Amino acid sequence: MIKAVRGTRDLLPPDTALWNFVEAAVRDVFRAYNFQEIRTPIFEATELFSRGVGEETDIVSKEMFTWEDGARAADYAVFKKWITSRVPGSKALAGIDPERAQPQSPQPSLIIEIDGKENFAVFRHRFTLPDYRLLKLAGEQSAPMGGKFQLRLVTADAVPDDFRALLLDDGVIIEEVSIDSPPQSVTLRPENTAGVVRAYIQHKLGDRGLNKLYYIGPQFRRERPQKGRYRQFYQIGAEVIGPPSAGSESPARDAEVLEMLATLLDRLGISDWNLELNSVGTPADRAQFNDALRKALEPVSAKMCDDCQRRAVTNPLRVFDCKVPADQPIIETLPRITQFLGEDSRKHFDAVQDILKSVGVEFHINDRLVRGLDYYTRTAFEFTHGALGAQNAILGGGRYDGLSEALGGPAAPGIGFAIGEDRLVMSLKETAEGVLRKPDVYIAPMSGMNGEAARLARELRRHDLVIELGDDTFRLKKSFEAATKAGAKYILIVGENEVKADAFALKNLATGEQVQVARGELARKIQG
Ligand code: HAM
């Protein structure tokens, strides 16, 4: 049996009713705050995330689903280019179509006589040391008894100097050809903010002023699966982004987003949330903080986990992401960002808090909260929920005032969040049964009555009734069983006599009460 891949799962009915309930409620709330939906692609250029989210983050360094799109096609393009230009009479081989090369197609290679010598030639858009080991091995294994092949590498990518020296030393002949469409590294989106900002830049959305955008969709991270943590999970997110002249930097935007989240969670009946708030400052504030952290970590980092030892040098802020219990007492002693906030950051943070107090949204300052993505500036937050256990962050977000510029766009400060929909659904008190709309009526056609029953179903569905339609091969007993199983409120029997009389037997399955109702009265009677 082929099963769903580890870390992915099927969402089945009736649970999907709960997901739809959540999504309908959030769309309602987003509408009230004048947000509009954006849908960006599920995969993007890998560079978007390495530049946007940050090379040193767990997400980019460990968790992305990345592949070279068109890698084998590019190998075939190298092959085609070389063979048609170098080998006379090779027109037949021109039929090799790089467009048709699949990732699982064999790597192109060739045994060919050149200048009186048997060559073992390989064709790679890019050539690496492991490739070379394989080439050597293959060359040796397929060489004629006692003989030796001339190894020949044809590639489209410049071979780095030190590697080239090694190859030449080993007597490999290197040839370079150019190809029209090199492969592209692409990644399943691990989050949606970078994609939204890319779309903002690409479509010049700044010309519209302030953009208030929301999205609902799957994200992908190669994390160790556990309760509340999946490799394909769903986020409901929103971003407020625009040129500074449109007020995108105002603390009013931060507070509005936070107040909207409080409203949303309350509306879904999730009342025991906790808003943790911090300011991670401007890049200038953070440069000072990072210096202080580096100094503080220098004497202690050797006692910390491998990740922290690396982070201590490359990006000390990320030490706060560490979950290793033994490292926590050390992390507790480190300086905090709040001590390094410049006046602007401090004022902004105070203003956000003032508005939250005036609208009555409770929060806790958590000065350890730095968030796991590098783009954050100033306001950063998470909403946690006790019922979730270890993976207790139901949502996270913050400002990313420099992200657009980091991606080559105009100044476009922004703030946003993403709710983990899987976790949100887990924390609902509501049940799938509670929100599922069961059939109002099960229509049971007697023998030969499928057509009449379908006609009646069509009429009733026009009145926004939920109809489950049976089958005229079912005996009455089986129809009753099916109606009960479907959870229908009524069963309606369609027999020859009923059709003639244009009046039908309608039975309430809960009370057992049965009445004869004229066709024209049915919808009103069922609606109660
Ligand atoms: P994040 O904190 O990485 O932020 O993810 C947001 C939420 O997604 C988390 O709080 C969690 O509920 C959920 N989540 C993350 N990983 C998983 C997983 N493997 N399984 C289930 N749920 C998960 C972001 O993604 C930012 N883009 C949020 C943002 C928007 N910041 C500004 N704008």
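Residues numbered from 1 in each chain as written. Predicted model: local features only at pLDDT ≥ 70, side-chain atom pairs only at ≥ 80, totals over all residues. Heavy atoms only, no water.

Q: For this particular structure, what's the right way to read the pairing of strand S7 (residues 173–176)?
A: The sheet contact formed by strand S6 (residues 150–155) and S7 spans four bridges and is parallel. Directly across from Thr 155, in S7, lies its bridge partner Glu 176. (Pairing = 2+ DSSP bridges. Helix = DSSP H or I, 4+ residues; strand = E, 2+ residues; numbered from the N terminus.)

Q: I would appreciate a short explanation of the site of the ligand in the present structure.
A: The environment of the ligand is made up of 27 residues, and the closest members are Glu 191, Glu 223, Tyr 230, Glu 239 and Tyr 376. A distance of 2.6 Å is found between a nitrogen atom of the ligand and a side-chain nitrogen or oxygen belonging to Glu 191. In this structure, a nitrogen atom belonging to the ligand sits 2.8 Å away from a main-chain N or O atom of Tyr 230. When the free accessible area of the ligand is taken as 660 Å², the share hidden by the protein chains comes to 96%. Mapped onto the shell around the ligand, the elements with two or more residues apiece are strand S10 (232–241), strand S14 (393–399) and strand S15 (414–420). For the shell around the ligand, the leading source of residues is S14, giving six residues. (Near = heavy atom within 4 Å. Polar contact = N/O pair within 3.5 Å; in protein donor to acceptor, adjacent residues only side chain to side chain. Areas by Shrake-Rupley, 256 points an atom, 1.4 Å probe, with all protein chains shown as cover.)

Q: What is the right way to read the sheet that holds S7 from this model?
A: Hydrogen bonds between backbone groups are what pair the strands of a sheet, and the pairing can be parallel or antiparallel. Across the sheet, which stays open at both edges, the four strands sit in the order S4-S5-S6-S7 with mixed pairing between neighbours. Edge positions in the open sheet fall to strand S4 (109–114) and S7, since each of these has one partner strand only. The average undirected angle you get between the axes of adjacent strands in this sheet is 25°. Pairing geometry for strand S5 (residues 117–124) and S6, over six bridges, is parallel. Bridging from a neighbouring strand, Ala 121 pairs with Arg 152 of S6. Taken strand by strand, helix H5 (residues 129–142) contacts S4, S5 and S6, and its axis lies near 150° from that of S5. (Axes fitted to C-alpha atoms, helices over the stretch in contact; angles between N-to-C directions. Contact = heavy atoms within 4.5 Å.)

Q: Just checking my understanding: could you explain the packing of helix H1 (residues 15–32) against helix H8 (residues 251–267) for this structure?
A: When two helices pack together, their arrangement is given by the angle between the helix axes and by the axis-to-axis distance. Look at H1 against H8: their axes get within 10 Å of each other, and the N-to-C directions meet at 145°. Remark: the crossing between H1 and H8 carries right-handed chirality. Where H1 approaches H8, its residues Ala 25, Val 26, Asp 28, Val 29 and Phe 30 are matched on the opposing element by Met 260, Leu 264 and Arg 267. Across the contact of H1 with H8, the residue classes break down as six nonpolar, no polar and two charged. (Left-handed = near helix turned anticlockwise from the far one by under 90°. Nonpolar A, V, L, I, M, F, W, Y, C, P; charged D, E, K, R; others polar.)

Q: Just checking my understanding: could you explain helix H7 (residues 193–202) for this structure?
A: Side chains three or four residues apart in an α-helix point the same way, a direct result of the helix having 3.6 residues per turn. Of all 10 residues in H7, seven are buried; the element is thus mostly enclosed. Of all the positions in H7, only Thr 193, Ala 194, Gly 195, Val 196, Val 197, Ala 199 and Tyr 200 are classed as buried. On its buried face, H7 sits against strand S2 (43–45), helix H2 (46–52), strand S9 (211–220), S10 and helix H13 (403–406). Lys 204 lies just past H7 and shows a positive phi near 50°. (Buried < 20%, exposed > 50% of the residue type's maximum accessible area, 1.4 Å probe, protein only.)

Q: Explain the packing of aromatic side chains to me, please; I cannot follow it from the model alone.
A: Each aromatic ring pair is summarised here by two numbers: the centre-to-centre distance and the angle between the ring planes. Going through the model one piece at a time under the given rule, you end up with 17 aromatic pairs. Geometrically, the ring pair formed by Phe 381 and Phe 383 is edge-to-face, given 6.5 Å between the ring centres and 90° between the ring planes. For Phe 381, a relative accessible area of 0% gives the class buried. Since its relative accessible area comes to 0%, Phe 383 is described here as buried. Three or more aromatic residues link up through ring pairs in this structure, and these residues are Phe 30, Phe 35, Tyr 214 and Phe 417. Positioned above the aromatic ring of Tyr 230 is the side chain of Arg 9, whose terminal nitrogen or guanidinium carbon lies 4.0 Å from the ring centre. A cation sits over an aromatic face here: Lys 478 above Phe 474, 4.3 Å from the ring centre. (Phe/Tyr/Trp six-rings, centres within 6.5 Å; stacked < 30°, edge-to-face > 60°. Lys NZ or Arg CZ within 6 Å of the ring centre and 35° of its normal.)

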